[in-house]
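Residue-level listing of the chains:
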Amino acid sequence: MKVLITGGAGFIGQRTALLLLEQGHQVSILDNLSPVVHGQPPSLPAGIEVIQGDVRKREDWSRALKDREVVMHLADHHDYLPSYSKMLEVNAVGTALLLELLAEGNTAVRRLVLGSTVAVYGEGRYRCPQDGDVYPLPRRPQALERGIWDPPCPKCGGAITPMITDESGTLRPTSAYGLSKLAQEDLTRMVAERHAVDWVILRYAAVQGGTQPFQNAYVGALRIFALRLALGRPPQMLEDGNQLRDFVHVGDVARANVAAAEQLPVGIYNVAGGKAQTVLDLARTLMRVAERDLVPETPGCYRSGDPRHVIPDISRIKAAGWEPQMGLESMAREYWQWLQRQGDLEAYFEGADHLMQRTGTVRFIR
Ligand SMILES: NC(=O)c1ccc[n+]([C@@H]2O[C@H](COP(=O)([O-])OP(=O)(O)OC[C@H]3O[C@@H](n4cnc5c(N)ncnc54)[C@H](O)[C@@H]3O)[C@@H](O)[C@H]2O)c1
Ligand SMILES: [Zn+2]
C-alpha cells in the first residue's frame, strides 16, 4: 500500500513508518519538522519520502496526498500551555482540510487512520454506590486548590470508584487538547462515512519508549522522573501520586497502527497496556531500574486539565488480534538507558518545566 503518515517524523510516526516499510509498504510522511518537538531535524531512514509541510496548509495536503491509498493522521500540536487556538488550528482545522480534500474526491485514499487519545474520555467511567455507572465532570479548580483530588459523583456528589472505560464511554475531555482530538474524531467519522472511506480511530494511552523526545515537556511522567533521577533529585509527584495511568510502549502502538492501516475493521479502538498503575508505581519502578534509592516527593501540586484516573479497556482491539507486549519495567529500563546517552539534561529540565510553572499550568495547593 502507499501510505502517508502525517507527523511521521514524530515519536510514534517514525516507529510506525519503519514497521510499515518492513512490511513492504511504500511510506511517505508530511511533517513540518516542528523545532519544539525535534530540536534538530530528525534523521529519517532511507526509503521514506519526506514532504516538509504544514497540515494547516491546503496546498501541502494536496502535495502529500498524491496517489496515497492510506492516510495515517498523527500530526498534532499538544502541550500543557494555554495554546488553545494553535491546538484547534493544527488538530481540528488541519483534519478538516484533509477531509475537505477527500470529500472533493480527487484522491486515491480509501482508508483513514486517526491517532487519537484516551484524553477524549476525560475522567472516564466510575461507579457510584447509589447511581451505578457515572462519568464525572472535569474537576473544579476550587477543589484542586484545596487538594481534593478525587472527582465526586456528578449525580449525588458522593464518593465514587474509578472503573475501566471502553470505547462506548461518555466523552468529556478535561483539556483543550482532548477537545481538539474529539473534534478530529467526530469530523473524521462523519466525513469518511459520507464519502465511503474506511476509517479507524485509535485512542492511545500514555505512550512510552526510548527515543521519546524529552525536549517536549508534554511527554509526561517517565520523562520528568528519569530526568530528575539522572540529576540526583527524587521524583516529584503531582497530586498525591495515586493517580491511575496506563502506559503502552511505542513499539506496541506502531503494531496497532500497522494493523489499522492494513485490516482492522472500521471503528474506534483503545490502545493501552491493559494494566493500570499509579504514578507512584511508575516512579518506584524507575528508581529500581535506575538503582536510585530516593524518597519520592509530594509537594502538593497539580496540573490543570489532568484527569484523576485513566483506565482504558483494551478488550476490543485484543479481540481483533492485537496485544501489548512490553510491560512497565521494560519500558522504564529502555527509557533510562536511552537517557544515559543524552547530554545537557540540566538545560532541558530547567527550560521546559519552569515554563509550565510560569504559565500557571502547574499549580500548588493553598
Ligand atoms: N505520545 C503519546 O503519549 C500520545 C498519547 C495519546 C495520543 N497521541 C497522539 O499520537 C499522535 C502522535 O504523537 P507523538 O507522540 O508521536 O507526537 P510527536 O510530537 O512526537 O509527533 C507529532 C509530529 O507532528 C508534527 N507536527 C506538529 N505540528 C505540525 C503541523 N502543523 N504540520 C505538520 N506536522 C506537524 C511534529 O513535527 C511531529 O513530528 C498525536 O496525534 C497525538 O495526539 C500521543
Ligand atoms: Zn452518585
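Just above sits the structure.
Below or above, wherever it landed, is the structure these notes cover. Note that this is a predicted model, so its numbers are computed, not measured. In every chain, residue numbers begin from 1 and rise along the written sequence. Here every chain gets a letter starting at A, and every ligand a number starting at 1, in the order they are written. Residue-level local features of this predicted model are given only where pLDDT is at least 70; pairs of side-chain atoms are given and counted only at 80 or more, and the full residue set underlies all totals for whole chains, interfaces and linings. Hydrogens and water are ignored here; the side-chain numbers use all heavy atoms of the structure.

1. Things to note about the overall build of the protein
Right, on to step 1. Strands here are runs of E lasting at least two residues and helices are runs of H or I lasting at least four, both read from the DSSP assignment and numbered beginning at the N terminus. Helix and strand counts for the protein stand at 12 helices and 15 strands.
Right, on to step 2. Computed over C-alpha atoms, the radius of gyration of the protein comes to 20 Å, within 12% of the 21 Å expected from 2.2 N^0.38 for 366 residues, which places it in the range of a compact globule.
Right, on to step 3. Overall size of the protein, expressed as C-alpha extent along the three principal axes, is 55 × 50 × 40 Å.
Right, on to step 4. Note on classification: 1.4 Å probe, protein chains only; a residue is buried when its accessible area is under 20% of the maximum for its type, exposed when over 50%, partly exposed between these limits. A buried classification covers 53% of the 366 residues belonging to the protein.
Right, on to step 5. Two residues form a contact once any of their heavy atoms are found within 4.5 Å. Residue pairs at least 24 apart in sequence account for 82% of intrachain contacts in the protein once pairs closer than 6 positions are excluded.
Right, on to step 6. When the accessible surface of the protein is summed, it comes to about 15,700 Å², and 50% of that surface belongs to carbon and sulfur atoms. Atoms considered for the radius of gyration are the C-alpha atoms alone. The globule rule reads 2.2 Å times the number of residues to the power 0.38. Residue exposure ignores everything except the shown protein chains as possible cover, and the areas themselves are Shrake-Rupley values with a 1.4 Å probe.

2. Quick word on the sheet that holds strand β7 (residues 132–134)
Right, on to step 1. Taken together, the 3 strands give an open sheet; going across it, the order is β7-β6-β8, and neighbouring strands pair in antiparallel fashion. Two strands in the sheet have a free side with no partner beyond their single neighbour: β7 and β8 (161–162). A pair of strands is treated as paired once DSSP finds two or more bridges between them.

3. Brief notes about the coordination of the zinc ion (ligand 2)
Right, on to step 1. Atoms of type N, O and S within 2.8 Å of a metal are treated as its donors, and for Na, K and Ca the window is 3.2 Å; water is not considered, so some sites may appear to be missing partners. Listed as protein donors to the zinc ion (ligand 2) are C128 (SG), D131 (OD), C153 (SG) and C156 (SG); their distances from the metal cover 1.9 to 2.3 Å.
Right, on to step 2. Here a site with four donors is tetrahedral if all angles are between 85 and 135 degrees, and a site with four or six donors is square planar or octahedral if opposite donors are over 155 degrees apart and the other angles are between 65 and 115; anything else gets the irregular label. One can describe the site at the zinc ion (ligand 2) as tetrahedral: its 4 donor atoms subtend angles covering 106 to 116 degrees at the metal.
Right, on to step 3. Take D131: its relative accessible area is 26%, and that puts it in the partly exposed class.

4. Looking at the pattern of salt bridges
Right, on to step 1. A side-chain nitrogen of Lys or Arg and a carboxyl oxygen of Asp or Glu constitute a salt bridge if their distance falls within 4 Å. In the structure shown here, the tally under the stated rule is 23 salt bridges.
Right, on to step 2. In this structure, K2 engages D67 in a salt bridge whose closest nitrogen and oxygen atoms are separated by 3.8 Å. Here D67 lies in the loop between α3 (58–65) and β4 (70–73) and K2 lies in strand β1 (residues 2–6), a separation of 65 residues in the sequence.
Right, on to step 3. Residue classification places D67 among the partly exposed residues on the basis of a relative accessible area of 39%.
Right, on to step 4. Residue R127 is joined to D133 by a salt bridge in which the shortest nitrogen-to-oxygen separation is 2.8 Å.
Right, on to step 5. Using a relative accessible area of 37% as the deciding quantity, one classes R127 as partly exposed.

5. Observations regarding the packing of helix α1 (residues 11–22) against helix α8 (residues 250–262)
Right, on to step 1. Note on definitions: angles span 0 to 180 degrees between N-to-C directions of axes, and those axes are lines fitted to C-alpha atoms, for helices only across the stretch in contact. Running from amino to carboxyl end, α1 crosses α8 at an angle of 60 degrees, the nearest separation of the two axes being 9 Å. As summarised for this structure, α1 and α8 are arranged oblique, according to the angle between their axes. The chirality of how α1 crosses α8 is right-handed. Only V250, G251, V253, A254, R255, N257, V258 and A261 of α8 make contact with α1, whose side of the interface consists of F11, I12, R15, T16, L19 and L20.
Right, on to step 2. For this classification, the nonpolar set comprises Ala, Val, Leu, Ile, Met, Phe, Trp, Tyr, Cys and Pro, the charged set comprises Asp, Glu, Lys and Arg, and every other residue, Gly included, is treated as polar. Partitioned by chemical class, the residues of the contact of α1 with α8 number 9 nonpolar, 3 polar and 2 charged. Each angle is binned into one of four classes, with values under 35 degrees roughly parallel, values over 145 roughly antiparallel, values of 65 to 115 roughly perpendicular, and all other values oblique. If you view the pair so one helix is near and one far, a crossing is left-handed when the near helix is turned anticlockwise from the far one by less than a right angle, and right-handed when it is turned clockwise.

6. Points about the pairing of strand β2 (residues 26–31)
Two faces make up the sheet, and in a regular strand the side chains alternate between them.
Right, on to step 1. Among the 6 residues of β2, 5 are classified as buried, and the element is accordingly described as predominantly covered.
Right, on to step 2. Looking at chain direction, β1 and β2 are connected through 5 bridges and run parallel. Bridged to K2 within β2 is Q26.
Right, on to step 3. Orienting the strands away from the viewer, one traces the path from the first strand over the helix to the second; a clockwise path indicates a right-handed crossover. Once the chain exits β1 it traverses α1 before rejoining the sheet at β2, and the crossover so formed is right-handed.
Right, on to step 4. Relative to strand β3 (residues 48–52), β2 runs parallel, the two being bridged by 5 bridges. What sits directly across from L30, in β3, is I51.

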